[in-house]
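# Architecture at a glance
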Amino acid sequence: MTSEAPLAKVVPTTRTHHGDVFVDDYEWLRDKDSPDTLAYLQAENAYTEAQTEHLAELRQTIFEEIKGRTQETDLSVPTRHDGWWYYSRTVEGQEYALRCRCPLADPDDWTPPELDPTQPIDGEQVLLDSNVEAEGHEFFSLGAFTVSPDGHLLAYSVDVEGDERYTIRVKDLRTGELLGDEITGASAGVTWSGRGTHLFYTTVDDAWRPHRVWRHALGSDAADVLVHEETDERFFAGVGMTHSEQWIVVAASSKITSEVRVLPADDPEGEPRVVWPRREGVEYSLEHAVVGGEDVFLILHNDGAPDFELVSVPVDAPHRRTVVIPGSDEVRLEDVDVFKRQVLVSYRRDALPRVALMRLGDDGFGALTEIDFGEELSSTGVGANAEWDQRLVRVGYASFVTPPSVYDYDVETGERHLRKQVVVRGGYDASQYEQHRTWATAPDGTQVPVSVVARRDTPRDGTAPALLYGYGSYEISIDPAFSISRLSLLDRGFVFAVAHVRGGGEMGRRWYDEGKTLTKRNTFTDFVAAAEHLVAEGWTSADRLVAEGGSAGGLLMGAVANLAPQAFRGILAEVPFVDNLTTILDPSLPLTVIEWDEWGNPLDDPDVYAYMKSYAPYENVGEHAYPAICAVTSLNDTRVLYVEPAKWVARLRATARTERPILLKTEMNAGHGGVSGRYASWHERAWELAWIIDTATQDA
C-alpha cells in the first residue's frame, strides 16, 4: 500500500474532428492487455486502499448492519404455473439463490403455499442451485431461466466472466442430467418453441450488439438456423413469446424505432412475418389477446401519440386499428400484460409508476381500474403472473419507507391479499421515517421533482449530511424504492434524495426528449438545481452533500463536478460514462452506433461534436478545486469500459487544484453490475457507504 497518489504517464494522442484538435494524454490506458495499464490500475487500487484504510472498521460495521437486517434464509412468494408452484430461496451463508418448485396440491387453489424456509418442503424439486454453478468462478451471473412448455426441461444461461456473453445449457428435470445441447457466446435470453422442440436465442457482434436471432433444434447435431439478422447498426435484436404462448416474437429496436415479427409458437421452423414495417421514430410492442372470440394483437405505440396509446388490431389484418386507450399528455403508457380475462396496464402519472386492470369480455374491453395503495410516493408494478387464465393477478408495491410487498389482486372482488413483505430484521419501524416530494426550479424555469427520505428526527437546519442520487438518461426512471443498505445512512442522520432530472422518464416522453442529444445539458443543470434546492430548504448544506450516480448517471456526476464543484462535498461515480465523446466518436466500440439516437452523431455532425465536447467530463476537467471524488469501475465491463474512469481520474489528478482525495477503485473480476454474490455485493456497498459517510461528515 502507498500514500503517494499515482501519476499516469503522459503519452499524447491527437484526435482531430471537424477542425477541432484535442490532445489526449491518457488514451494509452485503453490497452487492457498492456502490463503498463494493469500496473497503473493496481497502483490506483493500492492508493485507494491506503486512503480508505481508516474506514475498515466502519465498513465492517455497515456490512454487519446490512447482514443483520436481511432475512438470509428466505423464500420468494410461489408463482403458480401448469401444476407447479415455482419459487426461489436463499440459505444463510450461501451467495446465490436456489430455483425450486413443488407440486400444486389442488388445481382450484390460487392461494400460494406458506412455505417455511427453515423446514424441508414437501415435494420440493431444486431446479438450479446457482451456488453449485458458481463453484470455481470468481464471478457468476445467471441469465435465462425458463422451463419448457411440458415442464420437463430447463434452459438456462450463465456468465462467469462478467462480459455478458453467456453459455446456454439444457437440463432434464426428470433425471437431473444435462443434455448435450450447449450454446456458447450467446446473449442472456432463451425462448422455447410452443412444443419445446426448439430454442431461440441471440448472439452479439464485435460491438457487443445483439444482432442475430437463432433457432436451435433440441438434440440435433445440425447447425443452428439464422432466423433474423439485424444489419442496421442502430438496432438491437431480441426474441420472446407472448404471454398466451401462442406467438414467438422477434423484435428489432433502436432508441427511437422498432419493428416486430411474429411466428406461430407451434410452427418454429416457419417464416416470421412483420406486423408493422419500421418507420423512423415509431416505437411499438405487442401482446396477444382474444377479444370477443377474435385473435388480436394489443399494440402499444407512439405513432402520433408521444406518450403512447394502446390499440387492438386483428392478427391477420394489423393495419386495422381500434383505439383501446388513447394517448394523453398526463399519462405515459409503458407496458401491457395480457391474460385470458384481463389486461394489466402499466403507466406513470405525476412521476410515479402505477398499474390498472382492464377486464376482457365478450363485449370487449372494460374500464380501467387503478390499483392504488394511497402513499404519497410509491411504486406499483406487475409481479410474476405465469398462468394464462389468472384468477388472481400479482402486483408488487414499495416506497422509500415501505419494504417491497407482494399482493394478489382478486379480479372479481377487487380485494387485495398481502402475500409477503420483505422482512427487515432488527425492529424496523416505518413510522420513524418520512418521505416527501419537493420541486426544484431549473435555470429555464422547469420544475424538477425531487424525492426526499429521512428519519423524522432529522434536523432541517442545514446540519444533516445528505446523499443525492441521479441518473437522467435513456428515459429510465428512478422510482420510489426501499433499500435495507440505505438504513445505514438514514440511521446516522443522513438525508437521502433522488433528483428526477430530465433525460429520465419520470414525467413522460417530453421529459426524456428535453434531456438528450442537443438538450443534454438540462440533465446536469437540473441536478445542480436539485442540490441547491435541498440546501435552500434546510435539508443539508453544500459541505455535507455527496452526489452519487452510475453508468450514464456517472456521466452526470462527471459533468456536475466540472459545472458546479462548489455544490458538493464529494462525488461517487460508479462505472461512469465520463469519456463519452471519445466513445461516441468510435463506431467500432461496443454499443456506440445505437447510442447516436441518444447523444447525437458527433462523427458526422459538427454541431453535435461541439455540443458534446462542451459538457464531456473528461475534456472539461479544469484547473480548479473539485469535491472529493471516488470512481468505481470493473475491468470486464463491456458497457462502460474501465478506461473511461481510468483516464478521467488520471486527468483529474494531473489537472485539478484540490486537496480532497481523488480515488479510482477497479474490480478486477466483475462486469457492469459490479461484483457477483450477495455477500460480496454487501461488502461492496458497505465500502461505498463508508466512503460517503466519511466524506460528508468530515469537518469542512
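Placed above this text is the structure.
Definitions and cut-offs
Residues numbered from 1 in each chain as written. Predicted model: local features only at pLDDT ≥ 70, side-chain atom pairs only at ≥ 80, totals over all residues. Heavy atoms only, no water. Helix = DSSP H or I, 4+ residues; strand = E, 2+ residues; numbered from the N terminus. Expected span 1.5 Å × (residues − 1). Buried < 20%, exposed > 50% of the residue type's maximum accessible area, 1.4 Å probe, protein only. Polar contact = N/O pair within 3.5 Å; in protein donor to acceptor, adjacent residues only side chain to side chain. Contact = heavy atoms within 4.5 Å. Phe/Tyr/Trp six-rings, centres within 6.5 Å; stacked < 30°, edge-to-face > 60°. Lys NZ or Arg CZ within 6 Å of the ring centre and 35° of its normal. Salt bridge = Lys/Arg side-chain N within 4 Å of Asp/Glu carboxyl O. Pairing = 2+ DSSP bridges. Core = buried A, V, L, I, M, F, W, Y, C linked by side-chain atoms within 4.5 Å. Axes fitted to C-alpha atoms, helices over the stretch in contact; angles between N-to-C directions.

## Some details on helix H12 (residues 678–697)
For an α-helix the count is 3.6 residues per turn, leaving residues at separations of three or four pointing the same way. In this model H12 runs 28 Å from its N-terminal to its C-terminal C-alpha over 20 residues, within 8% of the 28 Å that 1.5 Å per residue would give. Burial of H12 is extensive: 15 of the 20 residues sit out of reach of the surface.

## Looking at the side chain of Gln-125
If you trace the backbone, Gln-125 turns up in strand S7 (residues 125–129). A polar side-chain atom of Gln-125 sits 2.5 Å from the main-chain carbonyl oxygen of Leu-173. With residues near it in sequence (within four places) discarded, Gln-125 still touches Trp-84, Arg-99, Cys-100, Arg-101 and Leu-173.

## A closer look at the environment of Thr-48
Considering the arrangement of structural elements, one finds Thr-48 in helix H1 (residues 35–51). Since its relative accessible area comes to 2%, Thr-48 is described here as buried. Other than its neighbours up to four places away in sequence, Thr-48 contacts Leu-663, Leu-664, Lys-665 and Trp-687.

## Some words on unusual backbone geometry
You will see that Phe-308, though not glycine, has its phi angle at about 75 degrees, which is positive. Within the element layout of this structure, Phe-308 appears in the loop between strand S20 (294–301) and strand S21 (309–314). For Phe-308, a relative accessible area of 6% gives the class buried. The backbone phi angle of Tyr-474 is positive, close to 60 degrees, even though this residue is not glycine. Counting through the fold element by element, Tyr-474 comes out in the loop between strand S33 (466–470) and helix H4 (487–490). For Tyr-474, a relative accessible area of 22% gives the class partly exposed.

## A short note on the packing of aromatic side chains
For the structure shown, the criterion picks out 16 aromatic pairs. Centre to centre, the rings of Trp-276 and Tyr-284 are 5.1 Å apart; their planes meet at 45 degrees, and the pair counts as tilted. You'll find Trp-276 and Tyr-284 in the same group, each marked buried. Arranged with centres 5.3 Å apart and planes meeting at 25 degrees, the rings of Tyr-428 and Tyr-433 form a pair that is stacked. Taking relative accessible area as the criterion, Tyr-433 reaches 5% and is therefore assigned buried. Three or more aromatic residues joined by ring pairs form one cluster here, namely Phe-63, Tyr-679 and Trp-682. When the ring centre of Phe-373 is taken as origin, the NZ or CZ atom of Arg-416, which lies over that ring, is 4.5 Å away. Above the face of the Trp-539 ring, Arg-460 is positioned so that its terminal group lies 3.8 Å from the ring centre.

## Description of the pattern of salt bridges
Under the defined criterion, the tally for this structure stands at 53 salt bridges. Linking Lys-67 and Glu-72 is a salt bridge whose minimum nitrogen-to-oxygen distance equals 3.2 Å. A salt bridge links Arg-455 to Asp-491, with the shortest nitrogen-to-oxygen separation between them at 3.1 Å. Of this pair, Arg-455 sits in strand S32 (residues 447–455) while Asp-491 sits in the loop between H4 and strand S34 (495–499), placing them 36 residues apart in sequence. Through salt bridges with shared partners, a single network forms among Asp-24, Glu-27, Arg-30, Asp-579 and Lys-647.

## Describing the pairing of S33
Counting buried positions along S33 gives five out of five residues, so the element sits mostly inside the fold. Pairing geometry for S33 and S34, over five bridges, is parallel. If you follow Gly-470 over to S34, its bridge partner there is Ala-499. Here S33 pairs with strand S35 (residues 545–550) via four bridges, running parallel. When the sheet's bridge partners are listed, Tyr-469 is paired in S35 with Glu-548.

## Let's talk about the pairing of strand S25 (residues 352–361)
With eight of 10 residues buried, S25 is to be regarded as a mostly interior element. Where strand S24 (residues 342–349) and S25 come together, eight bridges link them in antiparallel fashion. Bridge assignment links Tyr-347 to a residue of S25, and that residue is Arg-354. Connecting the antiparallel pair S24 and S25 is a turn made up of two residues, with Asp-350 showing a positive phi of about 55 degrees. The sheet contact formed by S25 and strand S26 (residues 364–370) spans five bridges and is antiparallel. Across the sheet, residue Met-358 finds its bridge partner in S26, namely Leu-368.

## With respect to the environment of Ala-265
Locating Ala-265 in the fold gives a position in the loop between strand S17 (258–264) and strand S18 (273–274). Sequence separation between Ala-265 and Asn-601 is 336 residues, and the spatial gap between their C-alpha atoms is 39 Å. Setting aside its immediate chain neighbours within four residues, Ala-265 contacts Ser-193, Gly-194, Arg-195, Met-241, Glu-245, Gln-246, Trp-247 and Ile-248.

## A word on the nonpolar core
Judged by nonpolar contacts, the single largest core of 69 residues is most densely connected at Tyr-40, Leu-468, Phe-527, Phe-568 and Trp-648. Once you skip the residues sitting within four places of it in the chain, Tyr-40 turns out to touch Pro-6, Ala-8, Trp-28, Leu-29, Ala-646, Val-649, Ala-650, Arg-653 and Leu-664.

## Comments concerning the sheet that holds S32
Hydrogen bonds between backbone groups are what pair the strands of a sheet, and the pairing can be parallel or antiparallel. Taking strand neighbours across the sheet as the criterion, the eight strands line up as S31-S32-S34-S33-S35-S36-S37-S38 in an open arrangement whose pairing is mixed. Each edge of the open sheet carries a strand with a single partner, namely strand S31 (433–441) and strand S38 (662–667). Averaged over all pairs of adjacent strands, the angle between their axes in this sheet comes to 20 degrees, without regard to strand direction. Taken together, the nine bridges between S31 and S32 define a ladder with antiparallel strand orientation. Residue pairing in the sheet places Thr-438 in a bridge with Val-450 of S32. Packed on one face of the sheet, H12 meets S33, S35, strand S36 (570–574), strand S37 (628–634) and S38 and runs near 160 degrees to S36.

None of this, on its own, says anything about what the molecule does.
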